[in-house]
Amino acid sequence: MIKKLHQMGVKSTHMYMAGVASIGLSFATWLMSKNTEQAGLDRADRWGIFIGEWAPTFMAMGLALRMEETHRDLEEPGMGVFEQAEAGRATTRAGI
């Protein structure tokens, strides 16, 4: 899923901004619900918590996209040297 988002052009900064925006939106919905609805403070708290839970998800997706942006895929052509070194290391005695 992260690789597909990266291919679609979604950047890690987009997810980080969405996380920060969800924190602000969480406060805004809490304030609006508290001031405009007659349901009371409990309902306002639920709205704020519900939207506030989006922030960690966006931040985690931003981190995953950052890793996708900065690390090479294992399928790149230059990785053959690494695989050969790993194969040679596994065949020695004592694994050194």
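That block above? That's the structure.
The structure reproduced in this document is the subject of the present report. Predicted, not measured: the structure shown is a model, and the values here were computed from it. (Residues numbered from 1 in each chain as written. Predicted model: local features only at pLDDT ≥ 70, side-chain atom pairs only at ≥ 80, totals over all residues. Heavy atoms only, no water.)

Points about the packing of aromatic side chains
Two aromatic rings are characterised by how far apart their centres lie and by the angle between their planes. Enumeration over the complete set of coordinates arrives at three aromatic pairs. Look at Trp47 and Phe50: their rings are 6.3 Å apart centre to centre, the planes differ by 75°, and that puts the pair in the edge-to-face class. With Trp47 and Phe50 both in helix H3 (residues 41–52) and three residues apart, this pair spans about one turn of that helix. On the accessibility criterion, Trp47 (36% relative accessible area) is partly exposed. Residue classification places Phe50 among the partly exposed positions, given a relative accessible area of 44%. Centroid distance Phe50 to Trp54: 5.6 Å. Interplanar angle 75°. Geometry classified as edge-to-face. Ring pairing ties together the aromatic residues Trp47, Phe50 and Trp54, which thus form one cluster. (Phe/Tyr/Trp six-rings, centres within 6.5 Å; stacked < 30°, edge-to-face > 60°. Helix = DSSP H or I, 4+ residues; strand = E, 2+ residues; numbered from the N terminus. Buried < 20%, exposed > 50% of the residue type's maximum accessible area, 1.4 Å probe, protein only.)

Side note on the packing of helix H2 (residues 12–36) against H3
Working note: a packed helix pair is described by the angle between its axes plus the distance between those axes. Two numbers describe how H2 lies on H3: the axes approach to 8 Å, and their chain directions differ by 165°. Considering their axes alone, H2 and H3 lie roughly antiparallel with respect to each other. Once H2 is placed against H3, the crossing between them reads as right-handed. For the pair H2 and H3, contact is made by Ser22, Leu25, Ser26, Thr29, Trp30, Ser33 and Lys34 and by Leu41, Arg43, Ala44, Asp45, Trp47, Gly48, Ile51 and Gly52, respectively. Its residues assigned to classes, the contact of H2 with H3 comprises six nonpolar, six polar and three charged. (Axes fitted to C-alpha atoms, helices over the stretch in contact; angles between N-to-C directions. Parallel < 35°, antiparallel > 145°, perpendicular 65-115°, else oblique. Left-handed = near helix turned anticlockwise from the far one by under 90°. Contact = heavy atoms within 4.5 Å. Nonpolar A, V, L, I, M, F, W, Y, C, P; charged D, E, K, R; others polar.)

Describing helix H4 (residues 54–70)
Over its 17 residues, H4 extends 24 Å from the first C-alpha to the last, a length consistent with the 24 Å expected when each residue adds 1.5 Å. For H4, the set of buried residues is Ala55, Met61, Gly62, Leu65 and Glu68. Here the buried residues of H4 occupy an arc of 140° about the axis, which is enough to place them on one side. Along H4, exposed side chains directed more than 90 degrees from the buried face belong to Pro56 and Thr70. Each element contacted by the buried residues of H4 is listed here: helix H1 (2–7), H2 and H3. (Expected span 1.5 Å × (residues − 1). Arc of directions from axis to C-beta.)

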